[in-house]
2 protein chains.
Amino acid sequence: MVEGSKSLDKTLLLLTELLTCPNEATALQLAEKCCLPRATAYRHLAALARHGLIFRDRNGSLLPGTMLLEVFDQADFSRRLGEVGRPVVSALAKAVGMVSHLGIFEQDMVTYLTKSEPEGEAVFTRESHQLEAYCSGIGKVLLAGLSSTELDKYLSEGAFPSLTKNTITDPHALAKEIGGVRKSGHSVDCGEIEDTLFCLAVPVVDPKGRTIAGLSVSARTQELLERDRPARLLDLQKASEEISRLLY
Amino acid sequence: MVEGSKSLDKTLLLLTELLTCPNEATALQLAEKCCLPRATAYRHLAALARHGLIFRDRNGSLLPGTMLLEVFDQADFSRRLGEVGRPVVSALAKAVGMVSHLGIFEQDMVTYLTKSEPEGEAVFTRESHQLEAYCSGIGKVLLAGLSSTELDKYLSEGAFPSLTKNTITDPHALAKEIGGVRKSGHSVDCGEIEDTLFCLAVPVVDPKGRTIAGLSVSARTQELLERDRPARLLDLQKASEEISRLLY
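Just so it is clear, the structure is predicted and the values come from calculations on it, not from any experiment. (Residues numbered from 1 in each chain as written. Chains lettered and ligands numbered in written order. Predicted model: local features only at pLDDT ≥ 70, side-chain atom pairs only at ≥ 80, totals over all residues. Heavy atoms only, no water.)

**Student:** Which parts of the structure should I look at to understand the packing of aromatic side chains?
**Tutor:** Aromatic rings in a pair are described by how distant their centres are and how their planes are angled relative to each other. Residues and elements named next belong to chain A. Inspection of every chain in the model, using the stated rule, returns seven aromatic pairs over all chains. Seen in terms of ring centroids, Y154 and F160 are 5.7 Å apart; in terms of plane orientation they differ by 45 degrees. Their pairing is tilted. By the ring-pair criterion, three or more aromatic residues cluster together here, those being F105, Y134, Y154 and F160. Over the ring of F55 we find R80, and its NZ or CZ is 3.8 Å from the ring centre. (Phe/Tyr/Trp six-rings, centres within 6.5 Å; stacked < 30°, edge-to-face > 60°. Lys NZ or Arg CZ within 6 Å of the ring centre and 35° of its normal.)

**Student:** What is the right way to read helix α3 (residues 38–50) of chain B from this model?
**Tutor:** Each turn of an α-helix holds 3.6 residues, which means side chains three or four residues apart point in the same direction. All names here are of chain B. The terminal C-alpha atoms of α3 lie 18 Å apart, and with 13 residues this matches the ideal 18 Å at 1.5 Å per residue to within 8%. Every buried residue belonging to α3 is among T40, A41, H44, L45, A47 and L48, and all of these are buried. Angular distribution of buried residues about the axis of α3 spans 155 degrees; they occupy a single face of the element. Facing away from the buried side of α3 by over 90 degrees, the exposed positions are R38 and A39. Phi turns positive, to about 75 degrees, at G52, one or two residues after α3. (Helix = DSSP H or I, 4+ residues; strand = E, 2+ residues; numbered from the N terminus. Expected span 1.5 Å × (residues − 1). Buried < 20%, exposed > 50% of the residue type's maximum accessible area, 1.4 Å probe, protein only. Arc of directions from axis to C-beta.)

**Student:** Explain the pattern of salt bridges to me, please; I cannot follow it from the model alone.
**Tutor:** For side chains of opposite charge, pairing can occur when their charged atoms come near one another. A complete count under the given rule lists 32 salt bridges over all chains for this structure. A salt bridge links D9 of chain A to R50 of chain B; its shortest N-O distance comes to 3.0 Å. With D9 of chain A in helix α1 (residues 2–20) and R50 of chain B in helix α3, this pair bridges two chains. Classification of R50 of chain B as partly exposed rests on a relative accessible area of 48%. Across the pair E17 of chain A and K208 of chain B runs a salt bridge, and its minimum N-O distance is 3.4 Å. Taken together, the positions of E17 of chain A in helix α1 and K208 of chain B in the loop between β7 (198–205) and β8 (211–219) put the pair across two chains. Exposure remark for K208 of chain B: the relative accessible area of 26% places this residue in the partly exposed category. Residues participating in the shared-partner salt-bridge network are E17 and K33 of chain A together with K208 of chain B. (Salt bridge = Lys/Arg side-chain N within 4 Å of Asp/Glu carboxyl O.)

**Student:** Could you clarify how one ought to interpret the sheet that holds β7 of chain B in this entry?
**Tutor:** As a general point, the strands of a sheet are linked pairwise by backbone hydrogen bonds and lie either parallel or antiparallel. All names here are of chain B. Read from one edge of the open sheet, six strands run β5-β4-β3-β8-β7-β6, paired in antiparallel fashion. Either end of the sheet is taken by a strand with one partner, and the two such strands are β5 (130–132) and β6 (187–190). Neighbour to neighbour, the strand axes of the sheet diverge by 35 degrees on average, direction disregarded. The strands touched by helix α5 (residues 74–96) within the sheet are β3 (99–106), β4 (109–116) and β8, with β3 carrying the most contacts at an inclination of about 160 degrees. Contacting β3, β4, β6, β7 and β8, helix α6 (residues 137–144) crosses the sheet at an angle of about 155 degrees to β8. (Pairing = 2+ DSSP bridges. Axes fitted to C-alpha atoms, helices over the stretch in contact; angles between N-to-C directions. Contact = heavy atoms within 4.5 Å.)

**Student:** Looking at this model, I keep getting lost on the interface of chain A and chain B. Mind explaining?
**Tutor:** Quite often, the size of an interface is put as the accessible area lost when its parts meet. Every contact between the two is made by 30 residues of chain A and, on the other side, 30 residues of chain B. Interface area for chain A against chain B, summed over the two sides, is near 2,600 Å², with a carbon-plus-sulfur share of 70%. Summed over the three residues of chain A that lose the most area to chain B, namely L8, F72 and K208 of chain A, the buried surface amounts to 24% of that side. Summed over the shared surface of chain A and chain B, the number is four salt bridges. At the boundary of chain A with chain B, the tally comes to eight residue pairs in polar contact (both at pLDDT 80 or more). Elements with a minimum of two residues in the side of chain A that touches chain B: α1, α3 (38–50) and α4 (66–72) of chain A. When the residues that make up the side of chain A that touches chain B are grouped by side-chain class, the tally is 15 nonpolar, eight polar and seven charged. (Buried area = accessible area lost by both parts, 1.4 Å probe. Polar contact = N/O pair within 3.5 Å; in protein donor to acceptor, adjacent residues only side chain to side chain. Nonpolar A, V, L, I, M, F, W, Y, C, P; charged D, E, K, R; others polar.)

**Student:** How do you make sense of the nonpolar core when you look at a structure like this?
**Tutor:** Nonpolar side chains in soluble globular proteins tend to end up buried together. Grouped together as the largest cluster of nonpolar side chains are 110 residues, with contacts concentrated most on L81 and L215 of chain A together with L81 and L215 of chain B. Other than its neighbours up to four places away in sequence, L81 of chain A contacts L102, I104, L113, I212, A213, I243 and L247 of chain A. (Core = buried A, V, L, I, M, F, W, Y, C linked by side-chain atoms within 4.5 Å.)

**Student:** Please clarify how unusual backbone geometry should be interpreted in this entry.
**Tutor:** For residues other than glycine, phi is negative in most cases, and the peptide bonds are mostly trans. With phi around 70 degrees, S128 of chain A is a residue other than glycine that occupies positive phi space. On the secondary structure map, S128 of chain A appears in the loop between β4 (109–116) and β5 (130–132). On the basis of relative accessible area, S128 of chain A is assigned to the exposed category, the value being 55%. A positive phi is found at Q107 of chain B, a non-glycine position, where the angle reads about 45 degrees. Locating Q107 of chain B in the fold gives a position in the loop between β3 and β4.

**Student:** Hey, could you run me through the pairing of strand β8 (residues 211–219) of chain A in this one?
**Tutor:** Walk down a regular strand and you will see the side chains alternate between the two sheet faces. Residue and element names in this part refer to chain A. Of all nine residues that make up β8, eight are buried, and the element is covered over most of its length. Alignment of strand β3 (residues 99–106) against β8, held across five bridges, turns out to be antiparallel. Among the inter-strand pairings, V99 is bridged to a residue of β8, identified as S218. One ladder, built from eight bridges, connects strand β7 (residues 198–205) with β8; its direction is antiparallel. Bridge assignment links V202 to a residue of β8, and that residue is L215. Between β7 and the antiparallel strand that follows it, β8, lie five residues; G209 among them carries a positive phi value of about 85 degrees.

**Student:** Just checking my understanding: could you explain the environment of L14 of chain A for this structure?
**Tutor:** Residue and element names in this part refer to chain A. Mapped onto the elements, L14 comes out in helix α1. According to the relative accessible area criterion, L14 is buried, its value standing at 0%. With residues near it in sequence (within four places) discarded, L14 still touches L30, A31, C34, L36, A41, H44, L45 and L48.

**Student:** Just to check I follow, could you spell out the domain arrangement of chain A for this structure?
**Tutor:** Residues and elements named next belong to chain A. Assigned domains within chain A: domain 1 (2–64) and domain 2 (72–247). Taken together, the contact between domain 1 and domain 2 spans four residues of the former and five residues of the latter. Summing both sides of the interface, domain 1 and domain 2 together bury roughly 320 Å²; the carbon and sulfur share of this comes to 51%. It is F55, R58 and P64 that lose the most area in domain 1 upon contact with domain 2, and together they represent 84% of the buried surface on that side. Counting the contacts that link domain 1 with domain 2 gives zero salt bridges. Viewed at the interface, domain 2 and domain 1 are joined by one residue pair in polar contact (both at pLDDT 80 or more). Of the residues that constitute the side of domain 1 that touches domain 2, the class distribution is three nonpolar, no polar and one charged. (Domains from an automatic or database assignment.)

Have a look at this one:
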């Protein structure tokens, strides 16, 4: 027990040193600051990273973990999500030849963090701009990730104006749609924003299974929601897991 | 090593469960959620509390630790500091029969979080209001807690208008004064805001030794800065340590 406590204290010392460090630090610098042998420090830091409590950026600098940003600092969290997600979204868009978006839920809207648009596949969205949640693929997976209380609030407060003949405007129908998304693990936008825009979206989840973002692909033909759905869902799920793996 | 890692993972699991828990949780609830024996969970939670990573409120609920608030959420941190500090400041004021303040550094000013005013000992300050840092006791300990870069910035940007004949208005004299505070561990306000107001202040520090607040007592006579100084400093230091102990 004493051994366990000592080991624990070393880990927590490394974590609090990192959090209170005025500048970025490397694993080696932290090991030295905490007077720990390098191998010991690396082992403890690996455990902290495994739980999303520290984050290693591309230069090897250690930063507060995504789990902590998620809880405490929405601005830093969004920035990191956008940065980490960009190459994955870009690779997905290129591989399937479709527009791909990564977005989060903010003030009852979807904020687009990252957009990748292969040549000839333009849509009207813009990064950092917001769009209604009730009529978009990403919006629906984000709504499905809310607690029942939050979703009830959204559904009771909102007006859901019709944008096309397919837009779901009735709160009860919307509640049923979101229930379906929760069960199937993905959502569709069947021409609900524009008559000829079709989207398929999946959630990006954190290690606790909470939805932190939505990832979508969009096309001008309905094939995406029919014949091509299984293959594109697989692509989306792989990309979503990749983003989550890079973040935590 | 495997045993050590397992133990570590249990602690970090408890921490991340607590951070991502939508409501307040008790130690028992967390133990159950993480499927840990009660005694094991309590031991791990004690280690987390020891490092300021979790905080137990008066009802036994566990909350994100003050160390984490300090880094990530200034508003929650200030609120907790004010709440935890209030009874200590009040007891100090009562014991010494003087006005006592607890304040933090915000936007180059001192924000008063807590004030306790024994009968017949009125001063003009008000809780949640701000006052200049350069001419107050709390302000000087807060300035002494800044990094050299931050202090240089403050001294080079500020205008330091004279409020009484004793106000230190020259940046070089102020730099020397702050240097003295760093060495002695306490500051004085010798009639620098009002001709007949004298203050003695000490820092409140976190477990890493960083200054998180200033604590002062004020009197209408200069005795506080002369004959009574050693005794009042001891009172202040005890109260400061008590606040820090309650916070982390």
